[in-house]
Amino acid sequence: MSTPDTTTLLAQLRAVLALTNTEIQVAETRIAQARTEAVRRELSENADNARARAEAIETAIRDLGSVPEVVGPFLGRAAAAVKAMAEQAQPFDEALLGDLALEHQLLDRARYIKALATAAQLREVVALADRLITAHSATVDWLTTVLAEDALGGPAALRRTPLQAAAGTAVKLFNLPVSWSTRGLDRALDTVRSTPPALGGLLAQGARAGDVAVKTLSASRDAALETAEQVTRREGADTAADALRSIRTSTGVLEPDELPVADYDELNVSQAVAEVKELTDPADIRAIVAYEEAHKNRHGVVSAAQTRLAAIAQEVAGLT
């Protein structure tokens, strides 16, 4: 029996090894963006599993009579570092789409490797390819879920970096249609400026800073946002009012009686978790998470809300 030509198979294994080294660095970069400890552990495990896969790929390359490229891991780390820096100027969804493209490439190459190994009757490499296919299919589903969570308004399993948040806001503002009158806008802004104590006055007194000034400024901001929402809605500018409501929700400054769960402040962890599991509107879940993180910050409640939103996102994305 003639020895099969493994040239193409080796080339694909080397390519997947280089991409896997990039995947490891990306996973480690994402750990700092994890919203909950459960997600942080999952990302850490993903990085460890990727290292194990990289070692298995290196072994397969050696078993085929070749030698893995020594510079591969260094190039993978360098590529991931460049990717991470570039993402700081990208909106959050674009960064995740980049991660998803990497995983799709790994998945497609793993399937190709399986076909090549099957043709060459290399059972161990076929088994390795199956392992890669399973791992990357799961990661594709996870990233797709995170994107769906973000599309639904969050909270996504990963937090935006400050620059990603700024980039996303800039994109939204650029694409926001002007659907209400200039007079209404002027009135809302004037209301924000004049809400006692005036924001301008507080900022001018910044020299007195410290905790008291910061808390006063925050309280004034929150009151101004609430008043501005009321004014814009009274003007018939529902789109703008909804945008202000979204800001108040995402920063956790809704009043307790505005939350989607009655008497929320009186609930213990198990009671709050039970209520969260019954929510069906992503906006309601977002309101609870933001309020929880801004006040009690009970990790069990936040994790339960994240899990509930993930289930809704998977259904929306067709993953269930």
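See the structure above.
Reading the values: the criteria
Residues numbered from 1 in each chain as written. Predicted model: local features only at pLDDT ≥ 70, side-chain atom pairs only at ≥ 80, totals over all residues. Heavy atoms only, no water. Helix = DSSP H or I, 4+ residues; strand = E, 2+ residues; numbered from the N terminus. Buried < 20%, exposed > 50% of the residue type's maximum accessible area, 1.4 Å probe, protein only. Contact = heavy atoms within 4.5 Å. Areas by Shrake-Rupley, 256 points an atom, 1.4 Å probe, with all protein chains shown as cover. Expected span 1.5 Å × (residues − 1). Phe/Tyr/Trp six-rings, centres within 6.5 Å; stacked < 30°, edge-to-face > 60°. Polar contact = N/O pair within 3.5 Å; in protein donor to acceptor, adjacent residues only side chain to side chain. Core = buried A, V, L, I, M, F, W, Y, C linked by side-chain atoms within 4.5 Å. Salt bridge = Lys/Arg side-chain N within 4 Å of Asp/Glu carboxyl O.

Caption draft 1: A look at the overall build of the chain. The number of helices and strands found in the chain is 13 helices and 0 strands. Helices and strands appear in the chain in the N-to-C order α-α-α-α-α-α-α-α-α-α-α-α-α. Within the chain, buried positions represent 42% of all 320 residues. Pairs at least 24 apart in sequence give 74% of the contacts found in the chain among residues at least 6 apart. When the accessible surface of the chain is totalled, it reaches about 17100 Å², and 56% of it is carbon and sulfur.

Caption draft 2: Fine view of helix α13 (residues 299–316). The terminal C-alpha atoms of α13, which comprises 18 residues, lie 26 Å apart, in line with the 26 Å expected from a rise of 1.5 Å per residue. For α13, the set of buried residues is Val301, Val302, Ala304, Ala305, Gln306, Leu309, Ala310, Ile312 and Ala313. Contacts from the buried residues of α13 go to α5 (123–151), α11 (269–277) and α12 (282–294). In the segment just after α13, glycine 318 is the residue with positive phi, at about 75°.

Caption draft 3: Highlighting the packing of aromatic side chains. Taken as a whole and assessed by the stated rule, the structure comprises 1 aromatic pair. For the pair tyrosine 264 and tyrosine 291, a centre-to-centre distance of 6.1 Å together with 80° between the ring planes defines the contact as edge-to-face. In this pair, tyrosine 264 sits in the loop between α10 (238–250) and α11 while tyrosine 291 sits in helix α12, placing the two residues 27 residues apart along the sequence.

Caption draft 4: α12, seen in detail. Counted at 1.5 Å a residue, the expected span for α12 with its 13 residues is 18 Å, and the 18 Å between its end C-alpha atoms agrees. Of the positions making up α12, those classed as buried are Pro282, Ile285, Arg286, Ala287, Ile288, Val289, Ala290, Tyr291 and Glu292. With a side-chain oxygen lying 2.9 Å from the backbone nitrogen of alanine 283, the N-terminal cap of α12 falls on aspartate 281.

Caption draft 5: Local environment of unusual backbone geometry. Positive phi values are uncommon outside glycine, yet aspartate 263 reaches one of about 55°. The phi torsion at asparagine 297 lies on the positive side, around 55°, for a residue other than glycine. Mapping asparagine 297 onto the fold places it in the loop between α12 and α13. Asparagine 297 sits in the partly exposed class, given a relative accessible area of 35%.

Caption draft 6: The nonpolar core, seen in detail. Ranked by size, the top nonpolar core spans 41 residues in total, and within it Leu13, Ile57 and Trp142 carry the most contacts. Where this core is concerned, the elements lending two or more residues are α1 (7–31), α2 (37–63), α4 (92–119) and α5. With 11 residues, α5 is the single largest residue contributor to this core. Ignoring any residue separated from it by four or fewer positions in sequence, one finds tryptophan 142 in contact with Val39, Glu42, Leu43, Ala157 and Leu158. Listed in part, the 18 residues of the second largest apolar core include Val276, Leu279, Val289 and Ala304.

Caption draft 7: Molecular detail of the environment of arginine 51. By the secondary structure assignment, arginine 51 is in helix α2. Considered as a pair, arginine 51 and leucine 17 are 34 residues apart in the sequence and their alpha carbons are 9.9 Å apart. Beyond its immediate chain neighbours, meaning those up to four positions away, arginine 51 contacts Ile24 and Glu28.

Caption draft 8: Layout of the pattern of salt bridges. Counted under the stated rule, the structure contains 11 salt bridges. Here arginine 53 makes a salt bridge to glutamate 23, at a shortest N to O gap of 3.1 Å. Here the residue arginine 53 occupies a position in helix α2, and glutamate 23 occupies one in helix α1, the gap between them amounting to 30 residues. Each member of the pair, arginine 53 together with glutamate 23, is buried. We note a salt bridge from arginine 51 to aspartate 48, for which the minimum N-O separation is 2.7 Å. Highlighted residues: arginine 51 and aspartate 48, both in helix α2, separated by 3 residues, approximately one helical turn. On the basis of relative accessible area, arginine 51 is assigned to the partly exposed category, the value being 31%. Taking relative accessible area as the criterion, aspartate 48 reaches 47% and is therefore assigned partly exposed. Several salt bridges converge on common partners, so that one network encompasses Glu28, Asp48 and Arg51.

None of this, on its own, says anything about what the molecule does.
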